[in-house]
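# Report on the structure
Single-letter residue listing:
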Protein chains: 2
Amino acid sequence: MTNALRLPLSLLFTLSLSLILAACASTPAPIGTGDLGVVIERANGTVAVVNTSTQTVLGDIPGLGDLSHASVVFSRDGAHAYVFGRDGALTKLNILTRQIEARTQQAGNSIGGAISQDGRLVAAQNYEPGGVKVFDAQTLALVADIPAEYDAGKLSRVVGLADLPGHRFIFSLFDADQIWIADLSTPQKPAVQKFKQVGHQPYDALVTPNGRYYIAGLFGEDGLALIDLWAPQPQARRILQGYGRGQQPLPVYKMPHLRGWAVAGRQVWLPAIGRHEVLIVDTDTWQEVGRIPVAGQPVFVMARPDGRQIWVNFAVPDYHRVQVIDTQSRQIVQTLEPGKAVLHMEFTPRGEAVWISSRDANLVSVIDTQTLQTLSTLSLPSPSGIFFTSRAARMGF
Amino acid sequence: MTNALRLPLSLLFTLSLSLILAACASTPAPIGTGDLGVVIERANGTVAVVNTSTQTVLGDIPGLGDLSHASVVFSRDGAHAYVFGRDGALTKLNILTRQIEARTQQAGNSIGGAISQDGRLVAAQNYEPGGVKVFDAQTLALVADIPAEYDAGKLSRVVGLADLPGHRFIFSLFDADQIWIADLSTPQKPAVQKFKQVGHQPYDALVTPNGRYYIAGLFGEDGLALIDLWAPQPQARRILQGYGRGQQPLPVYKMPHLRGWAVAGRQVWLPAIGRHEVLIVDTDTWQEVGRIPVAGQPVFVMARPDGRQIWVNFAVPDYHRVQVIDTQSRQIVQTLEPGKAVLHMEFTPRGEAVWISSRDANLVSVIDTQTLQTLSTLSLPSPSGIFFTSRAARMGF
């Protein structure tokens, strides 16, 4: 009996137990996903997983390709992030295991996406080829391909994609002056409703938090397009015609973003494209009720979750600043300089803090929205978009 | 060498490895908490952990004492539920491991609680002894005790507790006709602001989703109390005086609940105490702008997250019904009968479904809010309150 070992039974158990305990110790205790999020490290194809309670980075997930202008939506369970890369790749991440669970090169040039109300469908809006592709959220298998064909063989770039109640998505056709709603109740046979001549060159859009209004900014004319989705027969109409975009066509250094729910009470706060102004629009009359001069061309105009503050960042050359507007007094209460090239801001779920990425300073700042003091800074290479899991519980995000 | 065992080394490793693998296999893959929730099984001191994606019960957590009228708040991470028992016990559950992590018998008779904006403080509102106690959310160590002493030696029962931005809580004193705001920025030394003579017997209250308005229902007079918390000098004032409570004092079979955010657009929808009516109030003028006759004395009047529907359940003897009101037409679009003794309703985070507990039918129904069809039923003994983790991301919940 070579290789034989003579051991007391108790020792054998002790040994085995030690090994098991060691194995168990390496399995971390389960954690919740309510206070997690991701930060895009745009230069190195990596996503950092962050915790908003501890204000720390938990780890990295590399290998995601070109993440310039990348955006993210979350699964219902909060454990999975869908990353839409500029290079047309769609990647499903598990932020708990920090693994890539699925990845598909779904287009040549993509500009973001959305997830259906029930979390079962993920949609990507593409520039090249122009259109929307819809995927099974579980497997990333292609469910539907909706080319944005507006004339024989002509495909438009698609922007302003958002989820609507049911299995519907709404989006704008930049090159076709149209807005489409795709209903995927029967995924193999999407029903598409088209709104034509909505205005020239819709460049981005938002859905109000209640899912009622879709507002598309127009790059090619002086105004915005609006659809009341609760109307018995929804129609597109122009609002804010002649607000100033065409009056004195300024060079536009960066396209503003409309997503971010700049809806505070009954007002919508919007970036005036090209101008150093934020517009205030009443959601009953859809008339302009005010405009606030700001420090540069606004990019993101975002409401704190309670609507009591609006936070604004800016295009080059004013992109080292962030301004905070009090919605009651309509005054700028603070101008912050968190670091060069502020690209994005994200509020914690209940709004006590905001996370701001400063790309060229390689840092993310966590700022108390009440005191406006910096609570923490996180060193991250070229951070851009910041996305927290609480988005999973919201419409139009 | 008794108890000795002669084994080949390879067999020993194989044995150990098997044991380790068995141990690892028993460690489940990590799951997100975004689609989890709990259902109170009021008769047997147990909480069921549920998943809203699969519409299933994941498991039970027993040993929680008297859970009649129990309510729940969630930690920021979504992994912990704080259960406020009617018997005055406060229990911290880990819904992932399904373990009790902390438990304290903090009062003799308790009626619910709240969690601070940053998730660090948990507050309980108590009938006996009347007051509010504040605990460290991590350990449940007592941080502050705020007796609701309104006269020498006289403590009021406390109701309508809600979180406000910062480390503040607001609550009503049923026996003292007062509303208090406790600021726990310095937890050891809470600063209490008192509003007196707000109206007779405030019995429950809500904070609007933006945290701006606090509305307390009055049991002892015909109206409600309102505070605009954004005003430079907040004051309590009466609204809806003479709406009908005093006109024809009906017996009240069950106190209505105001919590549940029946705020839809710019209207608040409220139960008319004692009357078979739901009141519609404009949040600008605070005038009544409509009332809807319903099937019984309303208990919960809850807005679907998008505000397009209001769901209402009723006191005895009409407590087998649920009515759905369309907020645009102000018509009742459906009367459902999900089962006897409907006690609570909870919308999924994005509102595509609602979960309804029918205590005496021992079931929870999951209903599609668009088609109004029943998607699933779950068998649970005497279910009452239903609470989903998405509450963690909301103010006043």
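Here's a quick rundown of the structure. (Residues numbered from 1 in each chain as written. Chains lettered and ligands numbered in written order. Predicted model: local features only at pLDDT ≥ 70, side-chain atom pairs only at ≥ 80, totals over all residues. Heavy atoms only, no water.)

### Points about the overall build of chain A
Looking only at helices and strands, chain A features one helix and 35 strands. Expected size for 397 residues packed as a compact globule is a radius of gyration near 21 Å; at 23 Å, chain A falls within 12% of this value. Dimensions of chain A, computed from the C-alpha atoms along their principal axes, are close to 95 × 50 × 35 Å. Across the 397 residues in chain A, those meeting the buried criterion constitute 60%. Long-range contacts, defined here as pairs at least 24 residues apart, represent 42% of the contacts in chain A between residues at least 6 apart. Summing over all exposed atoms, chain A offers an accessible surface of approximately 14,900 Å²; the carbon and sulfur share of this is 49%. (Helix = DSSP H or I, 4+ residues; strand = E, 2+ residues; numbered from the N terminus. Rg over C-alpha atoms; globule rule 2.2 N^0.38 Å. Buried < 20%, exposed > 50% of the residue type's maximum accessible area, 1.4 Å probe, protein only. Contact = heavy atoms within 4.5 Å. Areas by Shrake-Rupley, 256 points an atom, 1.4 Å probe, with all protein chains shown as cover.)

### Some remarks on the sheet that holds strand β28 (residues 309-314) of chain A
Two strands in a sheet stick together by hydrogen bonds in their backbones, pointing the same way (parallel) or opposite ways (antiparallel). Residue and element names in this part refer to chain A. Across the sheet, four strands lie side by side as β27-β28-β29-β30; this open sheet has antiparallel pairing. Each edge of the sheet is formed by a strand with only one pairing partner; in this case those strands are β27 (298-303) and β30 (331-336). Pairs of neighbouring strands in the sheet enclose a mean axial angle of 20°, with direction left out of account. (Pairing = 2+ DSSP bridges. Axes fitted to C-alpha atoms, helices over the stretch in contact; angles between N-to-C directions.)

### What about the pattern of salt bridges?
Pairing between side chains of opposite charge can happen when the charged atoms of each approach one another. Within this structure, the stated rule accounts for 30 salt bridges over all chains. With a shortest N-O distance of 3.0 Å, Asp 284 of chain A and Arg 266 of chain B are connected by a salt bridge. With one member in each of two chains, Asp 284 of chain A in the loop between β25 (277-282) and β26 (288-293) and Arg 266 of chain B in the loop between β23 (263-264) and β24 (267-271) form a pair that bridges those chains. Residues joined by salt bridges that share partners form a network here, namely Arg 275, Glu 277, Glu 288 and Arg 291 of chain A. (Salt bridge = Lys/Arg side-chain N within 4 Å of Asp/Glu carboxyl O.)

### Some thoughts on the packing of aromatic side chains
Inspection of every chain in the model, using the stated rule, returns eight aromatic pairs over all chains. Judged by centre distance (4.8 Å) and plane angle (70°), the rings of Tyr 213 of chain B and Trp 286 of chain B are edge-to-face. Taken together, the positions of Tyr 213 of chain B in strand β20 (residues 213-218) and Trp 286 of chain B in the loop between β25 (277-282) and β26 (288-293) put the pair 73 residues apart, joining distant regions of the chain. Residue Tyr 213 of chain B is classed as buried on the basis of its relative accessible area of 12%. Relative to Phe 388 of chain B, the ring of Trp 355 of chain B lies with its centre 5.3 Å away and its plane at 85°, an arrangement referred to as edge-to-face. Taken together, the residues Trp 355 of chain B in strand β32 (residues 353-358) and Phe 388 of chain B in strand β35 (residues 383-388) connect sequence positions 33 residues apart. The positively charged end of Lys 194 of chain A is found above the aromatic ring belonging to Trp 180 of chain A, 4.4 Å away from the centroid. (Phe/Tyr/Trp six-rings, centres within 6.5 Å; stacked < 30°, edge-to-face > 60°. Lys NZ or Arg CZ within 6 Å of the ring centre and 35° of its normal.)

### Some remarks on the pairing of strand β4 (residues 56-61) of chain B
Alignment of strand β3 (residues 46-51) of chain B against β4 of chain B, held across five bridges, turns out to be antiparallel. When the bridges of β4 of chain B are listed, Val 49 of chain B appears paired with Gly 59 of chain B.

### Regarding the sheet that holds strand β22 (residues 236-239) of chain A
Residue and element names in this part refer to chain A. If you walk across this open sheet you meet the four strands as β19-β20-β21-β22, and the pairing is antiparallel. Of all the strands in the sheet, the pair left with one neighbour each is β19 (202-207) and β22. Each strand of the sheet is rotated relative to its neighbour by a mean of 25°, with strand direction disregarded. Inspection of the sheet shows β19 paired to strand β20 (residues 213-218) by five bridges, in the antiparallel sense. Across the sheet, the residue bridging to Ala 205 is Ala 216, located in β20.

### What to know about the environment of Thr 369 of chain A
All names here are of chain A. Residue position: Thr 369 is located in the loop between β33 (363-368) and β34 (374-379). In the structure, Thr 369 is positioned 33 residues away from Leu 336 in sequence and 12 Å away in space, judged by C-alpha atoms. If sequence neighbours within four positions are ignored, Thr 369 has contacts with Arg 304, Gln 309, Trp 311, Phe 347, Gly 351, Glu 352, Ala 353 and Val 354. In terms of polar contacts, Thr 369 uses its side chain to reach the side chain of Arg 304, at 3.2 Å. (Polar contact = N/O pair within 3.5 Å; in protein donor to acceptor, adjacent residues only side chain to side chain.)

### Points about unusual backbone geometry
Residue Pro 317 of chain A follows Val 316 of chain A across a cis peptide bond; omega there is 5°. Put simply, Glu 128 of chain B and Pro 129 of chain B share a cis peptide bond, and its omega is -5°. Locating Pro 129 of chain B in the fold gives a position in the loop between β10 (121-128) and β11 (130-136). Positioned with a positive phi, Gln 197 of chain A is a non-glycine residue whose angle comes to about 50°. Position of Gln 197 of chain A among the secondary structure elements: in the loop between β18 (191-195) and β19. Residue classification places Gln 197 of chain A among the exposed residues on the basis of a relative accessible area of 68%. Here the phi dihedral of Gln 55 of chain B falls at roughly 55°; this positive angle occurs in a residue that is not glycine. Among the secondary structure elements, Gln 55 of chain B is positioned in the loop between β3 and β4.

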